[in-house]
Amino acid sequence: MAEIIYLTNARLSFPKIIEAVGNKNFPDQGKKFGADLILPTDSADYARFMAEVSREAMEKWKDKAGAILQMCQNDRKLRCYGKGAEKINQTTMQVYDGYQGDVVYLTSSADEDHAPKIIRPNGTTCDNPIEREQLARKMYGGCYVNAAVRPWLQDNKFGKAVRCQLIAVQFNGDGAPFGESEVELKGFGAVQNQPQQQEETPYWMK
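Treat the numbers as computed from the prediction; the structure is a model and nothing was measured.

Take the environment of Cys126 next. Examined against the element boundaries, Cys126 turns out to sit in strand E6 (residues 125–126). With a relative accessible area of 4%, Cys126 lands in the buried category.

Contact pair helix H1 (residues 44–61) / helix H2 (residues 65–74): the axes reach a minimum separation of 9 Å and the direction vectors enclose 125°. Our classification of the angle between H1 and H2 gives oblique. Between H1 and H2 the crossing geometry is right-handed. Contacts between H1 and H2 pair Val53, Ser54, Ala57, Met58 and Trp61 from the former with Ala65, Ile68 and Leu69 from the latter.

Let us look at unusual backbone geometry. Residues other than glycine seldom take positive phi values, yet Phe14 does so here, at roughly 50°. Relative to the elements of secondary structure, Phe14 occurs in strand E1 (residues 5–21). Residue Phe14 is classed as partly exposed on the basis of its relative accessible area, which comes to 37%. Phi is positive for Lys62, close to 55°, though the residue is something other than glycine.

Rules and cut-offs
Residues numbered from 1 in each chain as written. Predicted model: local features only at pLDDT ≥ 70, side-chain atom pairs only at ≥ 80, totals over all residues. Heavy atoms only, no water. Helix = DSSP H or I, 4+ residues; strand = E, 2+ residues; numbered from the N terminus. Buried < 20%, exposed > 50% of the residue type's maximum accessible area, 1.4 Å probe, protein only. Axes fitted to C-alpha atoms, helices over the stretch in contact; angles between N-to-C directions. Parallel < 35°, antiparallel > 145°, perpendicular 65-115°, else oblique. Left-handed = near helix turned anticlockwise from the far one by under 90°. Contact = heavy atoms within 4.5 Å.

Structure representation (structure tokens):
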């Protein structure tokens with residue numbers, strides 16, 4: 001089994017850590033927890049993750065490892081990692097908030113019956129369901145977290161791929177929330193034929 005990789009001060013994106021969510025495109029895969037973790041391109045944590053992927057691939061696929069990893073590199077659906085600029089909003093055709101510039105990402109997930117651990121600020125694991133939800137709700141897209149992840153190599157009826165298991169996550173600091181820019185509303189005018197409200201007499205004139 002691959003080693004656990006600890007990520008420090010990663011930016012959280014698309015978090016699904018309060019409850020597991022199903023994928024309408026793959027309903028037979030069940031509900032999952034998950035999140036993207038964004039890191040600088042030169043992150044030592046990211047380098048360790050990729051080194052562990054290579055080590056696992058050599059152990060599992062032997063002399064075919066290089067070809068399989070190249071296949072995964074050529075198809076974003078077959079890998080859990082990549083450059084931030086690859087994450088395009090299919091509606092606006094723009095790079096998603098937080099993925100611009102010299103950053104990379106890891107897309108992590110966890111099965112419904114193996115929810116990621118939520119770590120308290122003091123470093124202990126939260127086992128209380130109510131407290132877990134309270135801590136998880138503090139983690140939003142755009143905040144910074146510490147996380148524990150583990151790469152795993154898919155080789156089953158769905159094909160070969162490189163995936164990432166989300167093991168634990170800890171809030172590490174606030175950041176600008178993603179996708180919450182102020183909306184400019186220009187379509188409203190004055191409401192017509194409304195009864196005028198009578199101004200209340202100031203208390204000092206009563």
